[in-house]
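# Structure assessment
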Amino acid sequence: MEVTTRLTWNDENHLRKLLGNVSLSLLYKSSVHGGSIEDMVQRCSHQGYTITMIYINENMIVAFVLGNYINLRESSTEPNDSLWFSLQKKNHTTEIETLFLNTAPKIIDKQLVCRLSKDDIFIILPDNKIYLDRMMIKNLKLRFYGHLQFLECEVFRVEGTKYNLDYTKRIMKAREHRNKLLADIRAYKPYADLVSEIRILLVGPVGSGKSSFFNSVKSVFHGHVTGQAIVGSDTTSITERYRIYSVKDGKNGKSLPFMLCDTMGLDGAEGAGLCMDDIPYILKGCIPDRYQFNPRKPITPEHSTFITSPSLKDRIHCVAYVLDITSIDNLSSKMLAKFKQVHKEVLNCGVAHVALLTKVDDCSEILQDNFLNLSRSMTSQRQVINVHKMLGIPISSILMVGNYASDLELDPMNDILILSALRQMLRAADDFLEDLPLEETGNLVLFSPSHKSLVPFEKSYVIHQLLDDWGPSACPSPESCIRICA
């Protein structure tokens, strides 16, 4: 008879996110294989890493991960760390709390006992009873204390080529760092509030991963893989319209303070791909969302949708040159010439810029242990230097990501690279805004002698309107109007 688990698909999905890309194989079920500790150990020994799931009720699970059940014998002297966690369902969501201990349960008097500093902190007793002390309850944020009857106990073998407790610790640290990056970007505000949203232009060859990068950013903030922007092949560009994408913080959340601008891919062939004469107009904010590109005919000021007087908010504040890290060595001389032409226009406009290398194979190998810097492999380091020499971009401004192109689930290591790259783009955009000449900021400040304060207003706000609003006695003279970049 086939033995089925109480673990739901949703619970198993949460475990995969916690432990990495692993699969679980059911070894033991107390209601089927016998409720004694000896029965459990006999079925689960020599199985490698295991997860023991204790179902307290329909909405609460307490679990621990062990290296090997054979080490549970009281006589075993082998060191055995353990990872503990709880899964609790509240208001249609599942909350997970974790705890690492440098100790693990042992079989003592036919009970499974975990001790810390000679205190019993966890016990599985006969007759489906469990005991947890206050320390465990507090760290796992459980809603009971002491002894409690549980419904079922199951043990699973953890299957995955990379899996060990050190890998889980790294995944958990990665998740913490990912959440910090998310918080930083959610709290971000463009320099001096000169604009409400930063515009980042993605430009690169056909199939380099421009649209995929937008999809990946959106996926991270939505908590699952999405595909709003249609992605093409390595040889055929799907993006034929200029798209200005906003990203919401979750499905029903507010829009985040940046926009990603997607263009038609660059093509080495003449009369194909993004027209070079469109580049200055894109950078200056003259091209509207959903404009249909024509590789052979650039937009002109006579076009019906041409933005004749773009403001600072319409302009591009940072350009990301998107390149497939696996094909940098194969860039044709014509493609390289187009890149240099684009870069020349970007420099002429004074726009901030970075390089974004996509299609990184193993994100976990690139990230250093503290997740703050990249640990470049020999291959990636060579490609970074090539891009540095090709475009003259500082090595610190050359970023690497692994887009979500074929993945079904998010990976915290990948998320870190995506969010770190986005954060660097926002910082580069801030540098651009800070360096703008005062006459380009569009910010005016009025000093009122009677109010003894600075009053900001838009440049388009006419002085005589202020005279009407303030009255002649309180309003400053036009000579009191000064420009500032703050």
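Everything below is about the structure printed above this text.
Residues numbered from 1 in each chain as written. Predicted model: local features only at pLDDT ≥ 70, side-chain atom pairs only at ≥ 80, totals over all residues. Heavy atoms only, no water.

## Some thoughts on the environment of Glu-159
Threshold: Only DSSP runs of H or I reaching four residues or more are called helices, and only runs of E reaching two or more are called strands; each is numbered from the N terminus. Relative accessibility decides the category of a residue: with a 1.4 Å probe and only protein chains considered, values under 20% of the type maximum give buried, values over 50% give exposed, and everything between is partly exposed. Note on definitions: a residue-residue contact is assigned when non-hydrogen atoms from the two residues lie within 4.5 Å. Any pair of N or O atoms that falls within 3.5 Å is considered a polar contact. Within protein, one atom must be able to donate a hydrogen and the other to accept it, and sequence-neighbouring residues count only if both atoms are side-chain atoms.
Relative to the helices and strands, Glu-159 is located in strand E11 (residues 152-159). Taking the relative accessible area as the measure of exposure, Glu-159 reaches 32% and is therefore partly exposed. With 110 residues separating them in the primary sequence, Glu-159 and Tyr-49 have C-alpha atoms 7.9 Å apart. The contact partners of Glu-159, leaving out residues within four places of it in the chain, are Val-22, Ser-23 and Ser-25. At a separation of 2.9 Å, a polar atom in the side chain of Glu-159 contacts the side chain of Arg-157.

## Regarding the pattern of salt bridges
Convention followed: Any Lys or Arg side-chain nitrogen found within 4 Å of a carboxyl oxygen on Asp or Glu counts as a salt bridge.
Following the criterion strictly, the structure yields 19 salt bridges and no others. Measuring nitrogen to oxygen at the nearest pair gives 3.0 Å for the salt bridge that ties Glu-58 to Arg-6. With a gap of 52 residues between them, Glu-58 in the loop between strand E2 (50-57) and strand E3 (60-66) and Arg-6 in the segment before helix H1 (9-19) connect regions that are remote in the sequence. Looking at Glu-58, the relative accessible area reads 56%, which means it is exposed. Of the residues examined, Arg-6 reaches a relative accessible area of 32% and is grouped as partly exposed. Salt-bridge contacts for Glu-159 lead to Arg-157; the nearest nitrogen and oxygen are separated by 2.9 Å. Put simply, Lys-29, Glu-152 and Glu-154 are held in one network by salt bridges that share partners.

## Points about helix H3 (residues 37-44)
Here is the rule: To be clear, the arc concerns the directions from the helix axis to the C-beta atoms.
Residues of H3 that are buried include every one of Ile-37, Met-40, Val-41 and Cys-44, and no others. Seen from one end, H3 has its buried residues packed into an arc of 95°, which puts them on one side. In the segment just after H3, His-46 is the residue with positive phi, at about 60°.

## Things to note about the sheet that holds E3
To be explicit about the condition: Note on pairing: two strands pair once DSSP finds at least 2 bridges between them. Between N-to-C directions, angles span 0 to 180 degrees; the directions come from axes that are lines fitted to C-alpha atoms, helices contributing only their stretch in contact.
Ordered in space as E1-E11-E2-E3-E4-E5, the 6 strands form an open sheet in which the pairing is antiparallel. Sheet topology places strand E1 (23-29) and strand E5 (93-101) at the edges, where each strand pairs with a single neighbour. Ignoring which end each strand starts from, the neighbouring axes of this sheet average 25° apart. Bridge analysis of E2 against E11 gives 6 bridges, and the strand direction is antiparallel. When the bridges of E11 are listed, Tyr-55 appears paired with Glu-152. Together, E1, E2, E3, strand E4 (82-90) and E5 form the strand contacts of H1, whose direction differs from that of E4 by roughly 140°. Against the sheet, helix H5 (residues 165-186) makes contact with E3, E4 and E5, and its axis sits at roughly 125° relative to E5, the strand it touches most.

## Let's talk about the sheet that holds strand E15 (residues 318-324)
Pairing is mixed across the open sheet formed by 6 strands, whose spatial order is E13-E14-E12-E15-E16-E17. Either end of the sheet is taken by a strand with one partner, and the two such strands are strand E13 (243-248) and strand E17 (398-400). Put simply, the sheet's adjacent strands are angled 30° from each other on average, direction ignored. By the bridge criterion, 5 bridges tie E13 to strand E14 (residues 255-262) in an arrangement that is antiparallel. What sits directly across from Lys-248, in E14, is Ser-255.

## Quick notes on the nonpolar core
Test applied: Among the buried residues, those of types Ala, Val, Leu, Ile, Met, Phe, Trp, Tyr and Cys that are joined through side-chain atoms within 4.5 Å form a nonpolar core.
In this structure, Ile-200, Phe-221, Tyr-242 and Phe-258 are the most contacted members of the largest nonpolar core, which totals 90 residues. Per element, the largest residue contribution to this core is 13 residues, and it comes from helix H11 (residues 412-434). Residues contacting Phe-221, with those up to four places away along its chain left out, are Leu-182, Ile-185, Arg-186, Val-247, Lys-248, Asp-249, Gly-250, Leu-256, Phe-258, Leu-419 and Leu-422. Counting residues in each nonpolar core, the second largest holds 32 residues, with Val-41, Leu-99, Ile-124 and Leu-132 among its members.

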